[in-house]
Amino acid sequence: MRLHSMVAALAAALLASACQPRAPSAVEADAASTQVVASAGDAEGSGASKQAGSGLDEAAARALREGRLYAPAGDSAIEYWLQARDRDPGNAAVASAIVELQPYLLIGCEQAIARHDFEEARRLHGLIAASDAGAPALQRLAMAIEAAEAESGRAEAVRLAAEEAQRQRAEAEVRAAEMASAAQGRVAAAQVAAAAAQPPAAPAPSSPTSASVADARPQSPAVQPPPQSQAEAVGTAPAPAQFARTPTAAAARETAAPAATPRLLRQPAPRFPPLALSRKMEGSVQVAFTIRPDGRVEDTRVVSSTPPGVFERSALAAVSGYRFEPMAQATASMVTVRFTLSQ
């Protein structure tokens with residue numbers, strides 16, 4: 001009778017909260033476990049009561065008071081009672097406690113599936129099977145776990161496919177931009193080549209260079225001043241011919257410079273790139289720039305270059321050093337810097 005009372009007390013405490021999708025409260029669990037321990041003490045003479053007073057029952061009662069019905073793994077009431085049942089299969093109180101905890105195992109398994117915690121869902125499914133191998137919910141839960149895992153895998157595949165498509169679009173945009181830039185470079189090179197094929201409008205080579213064109217020619221050792229170092233002797237271009245005081249009409253047509261371009265006062269010699277000199281390369285760079293009112297040059301930029309990527313830096317450095325006669329307002333201008341090897 002006392003053993004029956006112990007089981008009934010535990011069942012009543014658990015059934016009081018069975019309709020809630022949560023573990024029993026601390027008060028409910030404490031009341032149930034207290035009655036279990038008290039009944040076990042009253043029935044100390046029987047084998048069942050001795051098992052109820054064992055360490056497993058005490059651990060299960062403590063887990064129940066603390067709300068650890070089925071978690072954490074290895075330290076929950078259901079796992080302690082399953083171990084107690086294995087040691088004493090005929091203990092009716094332990095068997096009843098296991099039966100009463102099964103609804104909570106079912107709820108916990110369904111919640112784990114909903115949050116895609118499939119490892120926890122399988123663990124709880126195993127506890128349900130250990131509690132009752134013939135439980136009706138076992139097959140349904142197993143199918144739910146499998147279906148949720150498959151759906152999660154499909155969602156992950158869709159996410160990865162979207163990321164890959166986005167990466168491919170970004171790469172395609174970069175390639176398109178590079179191709180467009182290369183095409184613009186080819187068009188500019190073709191325009192420069194076409195302009196170079198036109199009959200020259202500049203004066204004969206023996207006459208001074210006009211203000212629209214600056215030449216960079218490597219000097220021969222006979223006329224070059226003594227260099228400061230071996231590197232400068234190889235890479236420095238000679239001083240160009242002096243600009244005429246007034247740009248010629250032909251030069252103005254070649255560079256489309258305004259007619260009111262101020263008088264050029266200083267023209268630093270462009271430096272012939274050592275690599276181009278060693279490979280005997282010639283070329284030209286068309287540079288646009290702005291003449292400030294004080295005669296200094298700013299906003300230098302390459303319009304075109306032939307060949308590209310060889311003479312631009314030297315041309316920009318030389319044009320940046322130009323000095324013009326002061327004027328009332330800033331003026332836009334353009335110059336072609338030619339790099340020609342000495343004959």
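Engineer: Got a minute to help me understand the confidence of the model for the protein chain in this structure?
Structural biologist: Per-residue confidence for the protein chain gives a mean pLDDT of 75; residues scoring 70 or more make up 66%. Every residue in residues 14–28 scores below 50 in pLDDT, and together they form 27 contacts with partners more than four places removed in sequence or on other chains. Overall, residues 219–259 carries pLDDT values under 50, and its contacts beyond four positions in sequence, including any with other chains, amount to 59 contacts.

Engineer: Teacher, can you tell me more about the packing of helix 6 (residues 92–114) against helix 8 (residues 137–197) here?
Structural biologist: Between two packed helices, the angle of one axis relative to the other and the distance separating the axes together describe the packing. Where helix 6 meets helix 8, the axes come as close as 10 Å, and the angle between the chain directions of the two elements is 15°. Considering the angle they form, helix 6 stands roughly parallel to helix 8. Judged by the sense of rotation from one axis to the other, the crossing of helix 6 with helix 8 is left-handed. Seen from helix 6, the contacting residues are Leu106, Cys109, Glu110 and Ile113; seen from helix 8, they are Ala137, Arg140, Leu141, Ala144, Ile145 and Ala148. Grouping the amino acids of the contact of helix 6 with helix 8 by side-chain chemistry returns eight nonpolar, no polar and two charged.

Engineer: Looking at this model, I keep getting lost on the pattern of salt bridges. Mind explaining?
Structural biologist: Side chains bearing opposite charge may pair, as long as their charged atoms lie close to each other. Across all of its chains, the model carries 16 salt bridges by this definition. Here aspartate 75 ties to arginine 68 by a salt bridge, and the two come within 3.0 Å at their closest N and O atoms. Arginine 68 gets classed as buried once you look at its relative accessible area, which sits at 14%. Connected through shared salt-bridge partners, Glu66, Arg68 and Asp75 make up one network.

Conventions adopted
- Residues numbered from 1 in each chain as written.
- Predicted model: local features only at pLDDT ≥ 70, side-chain atom pairs only at ≥ 80, totals over all residues.
- Heavy atoms only, no water.
- pLDDT = per-residue confidence, 0-100.
- Contact = heavy atoms within 4.5 Å.
- Axes fitted to C-alpha atoms, helices over the stretch in contact; angles between N-to-C directions.
- Helix = DSSP H or I, 4+ residues; strand = E, 2+ residues; numbered from the N terminus.
- Parallel < 35°, antiparallel > 145°, perpendicular 65-115°, else oblique.
- Left-handed = near helix turned anticlockwise from the far one by under 90°.
- Nonpolar A, V, L, I, M, F, W, Y, C, P; charged D, E, K, R; others polar.
- Salt bridge = Lys/Arg side-chain N within 4 Å of Asp/Glu carboxyl O.
- Buried < 20%, exposed > 50% of the residue type's maximum accessible area, 1.4 Å probe, protein only.

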